[in-house]
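# Residue-level structural notes
Okay, here's what each chain looks like letter by letter:
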Amino acid sequence: MPSSANEACERVDAIKERLAELLIRESEQRRQIAESEACLATVVQEIEVAEAELEAAITAPVAGEEDPTLWLPDELVLAILLRVVYIGACASVCRRWTALCQSTEVKQQRWALRWGDYATGRLAPQAYFAHIDNVQALAVSPGGNTLYTACAERNGQGMIKRWSGLERVSPGSWLESSSDVVAGQGILALAADADGWVFMSSYNGVGCGHVMAFSGETGNLKQAYHGHSTSVSSLSVADGRLFGAFDTKIIQWDCATGETRCLFEGHKETVLCIALGNDKLFSGSSDGTIRAWSTVNGAHLQTTGHDDGEFISTIAVGRDILVSGSNCSLSLWSVHDGKLLRQIRTGASVMAVALSPNNTLFSVEFDDWVHVRRNPFAKTDVVTQFRPQQFRVGTRMALAPNGTLFTTTYNRAVYVL
């Protein structure tokens with residue numbers, strides 16, 4: 001047989017041998033995959049059983065069965081509860097935790113531990129340097145895991161920074177900065193929605209400025225919004241709708257398409273602030289009034305405000321109350337009928353307010369103090385106040401769902417409390 005034929009036969013035999021080895025390896029791999037799948041199915045089943053047991057162990061005490069936390073000493077339970085910002089969810093663990101969560105003494109201790117430590121100086125706000133100039137606006141995502149800050153950088157362009165890791169924010173923790181976005185010039189307002197978009201209004205020094213939406217993750221431009229005749233001074237967003245205040249009017253856009261849905265008109269002077277709550281839009285104006293609007297058709301629902309025409313500089317909406325800040329006063333209003341519930345005289349103009357789910361009221365005033373009122377309806381005004389020593393507190397404030405408070409400063413930083 002010629003040598004070329006021998007070489008061909010040898011090559012065929014080598015291929016057959018390699019193919020046989022591969023088939024053996026394939027069979028072994030399939031056997032291992034089958035064993036892994038069986039093992040995974042067993043683990044998944046065990047996880048489901050463990051989760052069911054855990055749920056039963058947690059809910060059983062509420063139904064009257066034995067308390068699974070009896071082995072924990074009261075001191076340890078108190079230490080746990082005192083470190084939780086909102087303890088409403090802890091009340092369902094067991095009867096003892098329910099009683100402790102409802103205890104006035106425990107609430108007072110938690111209050112003293114958190115904000116009292118700031119007032120006495122045992123705790124100091126953490127300062128995060130976000131930009132090369134003072135932060136002009138900030139916003140927290142509805143889920144509470146992302147903070148956005150913005151300012152006009154030295155090159156004249158507006159810069160938005162995205163901060164992640166908010167679920168870990170507490171005294172002693174940290175944030176991570178990522179996804180810088182260059183947008184417009186001086187930035188007036190920010191808002192963030194549940195879909196990861198961040199909305200920005202800016203001014204360009206001549207016209208009506210810009211209102212744009214960016215991806216909070218990548219910084220890519222998602223949409224631009226038009227129809228405003230002057231710069232938009234305040235933004236609010238919910239359920240795919242963006243609201244922007246300009247001059248004496250408020251405009252509503254469709255977030256995705258940029259289409260103008262309706263125009264809210266009625267204020268006699270400039271609208272300074274807007275907020276959403278209870279399926280309504282609330283607006284505060286330099287004409288001294290607060291107006292409530294239907295977010296469905298833009299219909300005016302009610303008007304309230306100060307008889308002396310004192311301008312409304314900032315508002316925040318809770319479940320049942322609306323808080324407004326003015327020149328040397330805080331006012332509490334019913335969101336249902338607009339009735340004035342209480343007015344609190346302050347020592348300086350109120351620059352920003354925030355309201356927690358349990359009606360803890362936060363305010364930043366022009367005296368550079370942060371004021372925290374545990375129960376703004378109390379006959380005796382229970383207030384904790386502190387002035388951070390490092391930098392002056394700015395004019396913007398945001399409250400995350402986990403109770404973390406953010407304020408701007410006059411030295412490029414954001415305070416985290």
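In the block above lies the structure referred to throughout.
Before going into details, it helps to say that this report is about the structure given with it. (Residues numbered from 1 in each chain as written. Predicted model: local features only at pLDDT ≥ 70, side-chain atom pairs only at ≥ 80, totals over all residues. Heavy atoms only, no water.)

### Overview of the overall build of the protein chain
The number of helices and strands found in the protein chain is four helices and 28 strands. Here the protein chain holds 417 residues, and 46% of them are scored as buried. Taken as a whole, the protein chain presents about 21,100 Å² of accessible surface, with 52% of it coming from carbon and sulfur. (Helix = DSSP H or I, 4+ residues; strand = E, 2+ residues; numbered from the N terminus. Buried < 20%, exposed > 50% of the residue type's maximum accessible area, 1.4 Å probe, protein only. Areas by Shrake-Rupley, 256 points an atom, 1.4 Å probe, with all protein chains shown as cover.)

### Concerning the sheet that holds strand β28 (residues 413–416)
Two strands in a sheet stick together by hydrogen bonds in their backbones, pointing the same way (parallel) or opposite ways (antiparallel). Read across the open sheet, the four strands follow the order β1-β28-β27-β26; overall the sheet is antiparallel. Each having just a single partner strand, β1 (126–129) and β26 (393–399) make up the two edges of the open sheet. Each neighbouring strand pair of the sheet contributes to a mean axis angle of 25°, computed without reference to strand direction. Both β1 and β28 contribute to a ladder of four bridges, which runs antiparallel. Its bridge partner being in β28, Q126 is matched across the sheet by V416. (Pairing = 2+ DSSP bridges. Axes fitted to C-alpha atoms, helices over the stretch in contact; angles between N-to-C directions.)

### As for the pairing of strand β14 (residues 271–277)
The element β14 is extensively covered by neighbouring structure, given that five of its seven residues are classed as buried. Pairing of β14 with strand β15 (residues 280–285), which is carried by six bridges, proceeds in the antiparallel orientation. Looking at the pairing, C273 lines up with G284 of β15.

### Let's talk about unusual backbone geometry
Even without being a glycine, D239 presents a positive backbone phi close to 55°. Mapped onto the elements, D239 comes out in the loop between β10 (234–238) and β11 (241–246). Assessed through its relative accessible area of 69%, D239 is described here as exposed. Positive phi outside glycine occurs at N278, with the angle close to 55°. Mapping N278 onto the fold places it in the loop between β14 and β15.

### Observations concerning the packing of aromatic side chains
Under the counting rule described, the total for this entry stands at five aromatic pairs. Aromatic side chains W197 and F199 sit 6.1 Å apart centroid to centroid with 45° between the ring planes, which places their arrangement in the tilted category. Residue classification places W197 among the buried residues on the basis of a relative accessible area of 17%. One aromatic cluster is present, formed by W197, F199, Y225 and W253 through successive ring pairs. (Phe/Tyr/Trp six-rings, centres within 6.5 Å; stacked < 30°, edge-to-face > 60°.)

### Side note on the nonpolar core
Counting residues in each nonpolar core, the largest one holds 15 residues, and the members touching the most others are F199, V211, Y225, L235, L242 and W253. In this structure F199 touches A189, L190, A191, D193, M212, A213, Y225, L235, V237, L242 and C255, once residues within four positions along its chain are discounted. Listed in part, the 14 residues of the second largest apolar core include A352, F362, F386 and M397. (Core = buried A, V, L, I, M, F, W, Y, C linked by side-chain atoms within 4.5 Å. Contact = heavy atoms within 4.5 Å.)

### Notes on the sheet that holds strand β8 (residues 210–215)
The four strands are arranged β6-β7-β8-β9 in an open sheet whose pairing can be described as antiparallel. The open sheet terminates on both sides in strands that have one partner only, identified here as β6 (186–192) and β9 (221–225). Across the sheet, the mean angle separating the axes of adjacent strands is 25° when strand polarity is ignored. Summarising the sheet, strand β7 (residues 197–203) and β8 pair through six bridges and their orientation is antiparallel. Within β8, the position partnered with V198 by the bridge is F214.

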